[in-house]
Amino acid sequence: MWIAGTEVYGRAEIDLHSQIHLHRVRGMIRVQALHKAYRLGARRVPVLAGVDLEVNEGEFVALVGQSGSGKSTLLNVLGLLDGWDRGRYSLDGRDVTELGEREAARTRNQIIGFVFQSFHLLASKTAWENVALPLAYRGKRRRECRETAASVLERLGLAACIDRRPNQLSGGQRQRVAVARALVTDPPLVLADEPTGNLDSQATREVMDLLHQAHADGRTVVMVTHEPEIAREVERTIVMRDARIVEDRQSVAEGVESKDAP
Amino acid sequence: MRETLDEIWESVSRQPLRTATTAFGVFWGMLVLIILLGAGNGLGNGLERLFEDDAATSVWIEAGKTTTSFRGLPAGRPIELSIDDVNALVDAVPGLHALSPRHPLASDIVISHHGRSGSFPIFAIYPGYATVERTLVSRGRLLNELDVRDARKVVVLGERAAEVIFARPENAVGKRVAIGGERFLVVGVFKDAGGDSEKRRVLIPYTALPRTFDGSRRATLITGVTEPEISPALLRSEITRILAARHRFAPADRGALGIWVAIEEYAKITALLRGVRIGVLLVGLGTLLTAMSGVSNILLVSVRERTTELGLRRALGASARNIFALVVAEAVLISSACGALGLSAGLGLLALARRLGLQTDYFQNPEVDWQSTLPMLAVLVVSSAIAGTFPARQAVRLTPAEALRHA
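## Some points on the interface of chain A and chain B
- Taken together, the contact between chain A and chain B spans 20 residues of the former and 18 residues of the latter.
- Secondary structure elements with two or more residues in the side of chain A that touches chain B: helix 2 (101-111) and helix 3 (127-136) of chain A.

Written out as structure tokens, the structure reads:
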């Protein structure tokens, strides 16, 4: 139930004992009539054509669709990494539609943790230095950065990798370091763009476990994936096609509903 | 701060050769600028010292040859100035004082004293010549009006000449020396800022000349000083008018007389020096600007190579302003460090040149005051910051998502 003006949702959940609880949950993401198009010569190619989406605090959402369906573009917009042409966007209870560049950077740093398909670790920096980057942009001192980054890496089972550079790590370790970087500022929202796309099955499992743990810790996770079995692990799946959301379903495990998008 | 320095070092060390080449450009630009400025100052010092040697208001009149026929007299006639011309000019030209003839004795005349001898330029003069040459007495006195009036056989020696003729030059005053067989009393020893050649000169009263060596009453040169407010053109026309009437040549004949007015020449030299300094600055700044464009260029390449990294940094919380500042700081740091090195090396080389005595009469004390380098450093920092804005703009041109896709 959308309560106008307060951005508070009502959500029904069923626990193991089939008791129905009514939570008052904050909306983490709310986009309305989002449009974005790329210019291709004289032609404008829509990549988001009137997308409406609401994601509540604490949800784990998989964004799926074929290549070119607009899912990565939507994730970039949600992460304030890219602009959009029309529509409104509210993030963590705040309207970010008119946000300036500097404020957007601050919001990315404080609210969002990113995980990318190709890891995007800086080759010249050690694991802890990579993990500490978001802290550095918060103005933390180097010593504090190292302590915090090391503690997150240890928690994620990467204690042995703290002083290694990315080329000394396996693909799975690299992505786990990237997850550590996403979590180091303790953000309420994690955006992951095909985080397992470059990984083998074992590394995929490890990374997914970390994301599930992040979700279990109360974070909202939105993940783009093209792997159906990965999408099936999460409670809510949003399907995109031709720049639109065409399906928004809760998983069977959650047992709530499956519906076509409007 | 450390993070920023680390980032800059990382960027710089990514392409060490290219960075070193560009950095050398800035270093070399600054070095050239300092050397050129020092050389310009050395030239200026040399010329100013030449002028310091003589009175700033000195006037020098030299006879030449007529270039036009005049009242039946042919062109090409040599003019010979004499002591009568000096006397004719006295009080006739307003503002012209300390007039003196200067006539050299034959160059084979030897000065000797108790077995020591030497050959020096010997000039017969009036006392006013000391004012023109800014001659300073070291010991004894200079020539005076009584020496001239009484045609005394007295002599004043330049310091170098005294050192050659006397074993103990400090005792030269009061001794008699033989000049071409005539005995002259040494009444003084002088020094002169004009360097060694002027300290070798020997001066005797002009009136002693006809009695001893030369009865012609010639004066190859007439010297004097003028007042600063007198117009050089007026002075020249008055001198020319009087001497033209006496020697019967056309006042407009520029070949008949050479009149050199120090004030006028000084103004010309000053203008020339100003031109040289401006030229040096333009060349130096041009070199620096070229180096700056090199810095800008290398940073453009660096920024292009780091597009993904910069996109990632923005995704993790760096604002466009952070990235912009990082790139500009890199430009400023490279330029300032290398510029400061070039500046220090330039100042060091100039100091070395001074220490090695690399100087001539026209080139003295090549130096650049370190305080005057501060504006240069300011120009360097500002221009490097401006040079850095081009790559910095490039660095923040893309959205973080576009930059991340760049890989």
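## Details of the confidence of the model for chain B
Residue and element names in this part refer to chain B.
- Residue-level pLDDT values for chain B average 87, and 97% of them are 70 or greater.
- Here helix 1 (residues 2-14) stands out as the element of chain B with the lowest mean pLDDT, 72, in contrast to strand 7 (residues 154-158), whose mean of 95 is the highest.
- Among the scores for the predicted complex, ipTM is 0.86 and pTM is 0.67.

## Remarks on helix 4 (residues 142-155) of chain A
All names here are of chain A.
- For helix 4, spanning 14 residues, the distance from its first C-alpha to its last is 20 Å, which sits close to the expected 20 Å at 1.5 Å a residue.
- Buried within helix 4 we find Cys-145, Ala-149, Val-152 and Leu-153. Looking straight down helix 4, one finds its buried side chains confined to an arc of 100°; they lie on one side.
- Where the residues of helix 4 are buried, they touch helix 3 and helix 5 (171-183).
- One or two steps after helix 4, the chain reaches Gly-157, where phi turns positive at roughly 75°.

## A word on the nonpolar core
- Counting residues in hydrophobic clusters, the biggest one holds 119 residues, and the most contacted among them are A:Leu63, A:Val131, A:Leu153 and A:Ala180.
- Ranked by residue count, the leading element in this core is helix 12 (residues 320-355) of chain B, at 11 residues.
- Leave out the neighbours within four places in its chain, and A:Ala180 touches A:Val131, A:Val152, A:Leu153, A:Leu156 and A:Leu158.
- Of all hydrophobic cores here, the second largest spans 60 residues; its members include B:Val59, B:Ala63, B:Phe166 and B:Ala219.

## Re unusual backbone geometry
- Located in the positive-phi region is A:Phe119, a residue other than glycine, with phi close to 65°.
- The exposure class assigned to A:Phe119 is buried, which follows from the 22 C-beta atoms found within 10 Å.
- One non-glycine residue with positive phi stands out, namely B:Asn365, at about 50°.
- Examined against the element boundaries, B:Asn365 turns out to sit in the loop between helix 12 and helix 13 (370-395).
- B:Asn365 sits in the partly exposed class, given 15 other C-beta atoms within 10 Å.

## So, the environment of A:Glu233
Residues and elements named next belong to chain A.
- Counting through the fold element by element, Glu-233 comes out in the loop between helix 7 (228-231) and strand 11 (236-241).
- Under the C-beta neighbour-count criterion, Glu-233 is labelled partly exposed, with 17 such atoms within 10 Å.
- When the C-alpha atoms of Glu-233 and Ala-62 are compared, they prove to be 8.8 Å apart, with 171 residues separating the residues in sequence.

## As for the pairing of strand 9 (residues 189-193) of chain A
All names here are of chain A.
- The element strand 9 is extensively covered by neighbouring structure, given that five of its five residues are classed as buried.
- Burial along strand 9 is two-sided: the residues Leu-189, Leu-191 and Asp-193 and Val-190 and Ala-192 are all buried.
- In terms of strand pairing, strand 9 meets strand 10 (residues 220-224) through five bridges, oriented parallel. For Asp-193, the partnering residue across the bridge sits in strand 10 and is Val-224.

Calculation criteria
- Counting restarts for each chain: residues are numbered from 1 in the order of the written sequence.
- As a convention, the first chain written is A and the first ligand written is 1, with the rest following in written order.
- The predicted origin of the model limits local features to residues at a pLDDT of at least 70 and limits the giving and counting of side-chain atom pairs to 80 or more, whereas totals for whole chains, interfaces and linings rest on all residues.
- Think of it this way: build a C-beta for each residue from its backbone, and any pair within 7 Å is a contact.
- In this text, helices come from DSSP runs of H or I with a minimum length of four residues, and strands from runs of E with a minimum of two, each type numbered from the N-terminal end.
- For every residue, the predictor assigns a confidence score, pLDDT, that lies between 0 and 100.
- The span expected for a helix works out to 1.5 Å for each residue beyond the first.
- Any residue surrounded by 20 or more other C-beta atoms within 10 Å of its C-beta is treated as buried, while 12 or fewer makes it exposed and the intermediate range makes it partly exposed; C-beta atoms here are placed from the backbone.
- What the arc measures is the spread of directions leading from the helix axis to the C-beta atoms.
- Note on terminology: a nonpolar core is a set of buried residues of type Ala, Val, Leu, Ile, Met, Phe, Trp, Tyr or Cys, with members joined through C-beta atoms within 7 Å.
- Each pair of strands is called paired provided DSSP finds at least two bridges between the two strands.

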